[in-house]
Each structure stands twice: as C-alpha cells, then as structure tokens.
Amino acid sequence: MRESVQAEVMMSFLVSEELSFRIPVELRYETCDPYAVRLTFHLPGDAPVTWAFGRELLVDGVGRPCGDGDVHIAPAEPETFGDVLIRLQVGADQALFRSGAVPLVTFLDRTDKLVPLGQEGSLADFDAHLDEALDRILAEEQSAG
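Residues numbered from 1 in each chain as written. Predicted model: local features only at pLDDT ≥ 70, side-chain atom pairs only at ≥ 80, totals over all residues. Heavy atoms only, no water.

- The protein chain appears in an unreviewed UniProt entry as SsgA family sporulation/cell division regulator from Streptomyces yaanensis.
- The heading Sequence similarities (unreviewed entry) in the UniProt record of the protein chain holds the text "Belongs to the SsgA family."
- Taken verbatim from the UniProt record of the protein chain, the Subcellular location (unreviewed entry) comment is "Cell septum". (UniProt positions renumbered as here; feature names shortened; annotations may be inferred.)

This is the structure we're talking about:
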C-alpha cells in the first residue's frame, strides 16, 4: 500500500495588492498522519516553511470560506470555481497565497483514493503512529518558528 501522496503546485505569494510572485509549494499527505496535509512553501532566499493542518479544512476551503485560528482557506471568488486563497497567520504576521483550485482538488482526490475522507480512523496503524506524527509536527513547528 502506498504510504503518501505528493504534488507540487505553483502558488502566488501575495505580498500586497501591487506585489506578488509565484513560488513552488509541495503538497504532502501521509497515511501515518491521515487527518493532516502538509504544505511546504519554498520562498526565495529563505528556508522552506512547512504548515500542517487538517485535510478536511483544505477540502472544505476549496468550496467555501472556512478555518479558525492560524489557517483560513476560501475561494477567491465565492460564486465561481477558480482560485483559492490560503491565509496563514502567526500572531500579527500573516501570509496570503493564491492557488488554482484544480491542482488542489486533484491532490485531494489522490489523497481520498489512498485514505477515503471519513475513514482515517480505520487505519490499523494509525494509533501506533499517532505519537510519532505528533512529535514530527511539533518538531516542524519548532524548527519553523
């Protein structure tokens, strides 16, 4: 059984209304942490930054505004299926990214084929890997912050 799904998507990093630039973003989903997706942003001149958040948040955010706390995802145009805005926030600092919805949906479809949405808890090894996944997430957060 395949253990992970990966994809690379080009997103626009929206610095201001007048300034944006395209960056590669790696999307990753692993069966050892079936509730989460990871996005690694490759910003020019900086070390890559990885954010982990709920796969369901990304699924929902493609179609409607959602998210509490540090991650907010919403369609750029509520009435059309086109681009998606991803806002990441730490304290007063925030970053806004714009992605096409199609590559995100394609990635999510691949994750659903690996572990169907709603069946994450049925993985036999999930409990065995939960502590390991939480340790990895905490380590990623500490190295990013």
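### Details of the pairing of strand 6 (residues 83-90)
So, point 1. With five bridges connecting them, strand 5 (residues 71-75) and strand 6 associate as antiparallel partners. The residue bridging H72 from the neighbouring strand is R87, located in strand 6.
So, point 2. Bridge analysis of strand 6 against strand 7 (residues 93-100) gives eight bridges, and the strand direction is antiparallel. Across the sheet, R87 pairs through a bridge with L96, a residue of strand 7.
So, point 3. In this structure, the hairpin formed by strand 6 and strand 7 is closed by a connection of two residues, where G91 is found at a positive phi of approximately 60°. (Pairing = 2+ DSSP bridges. Helix = DSSP H or I, 4+ residues; strand = E, 2+ residues; numbered from the N terminus.)

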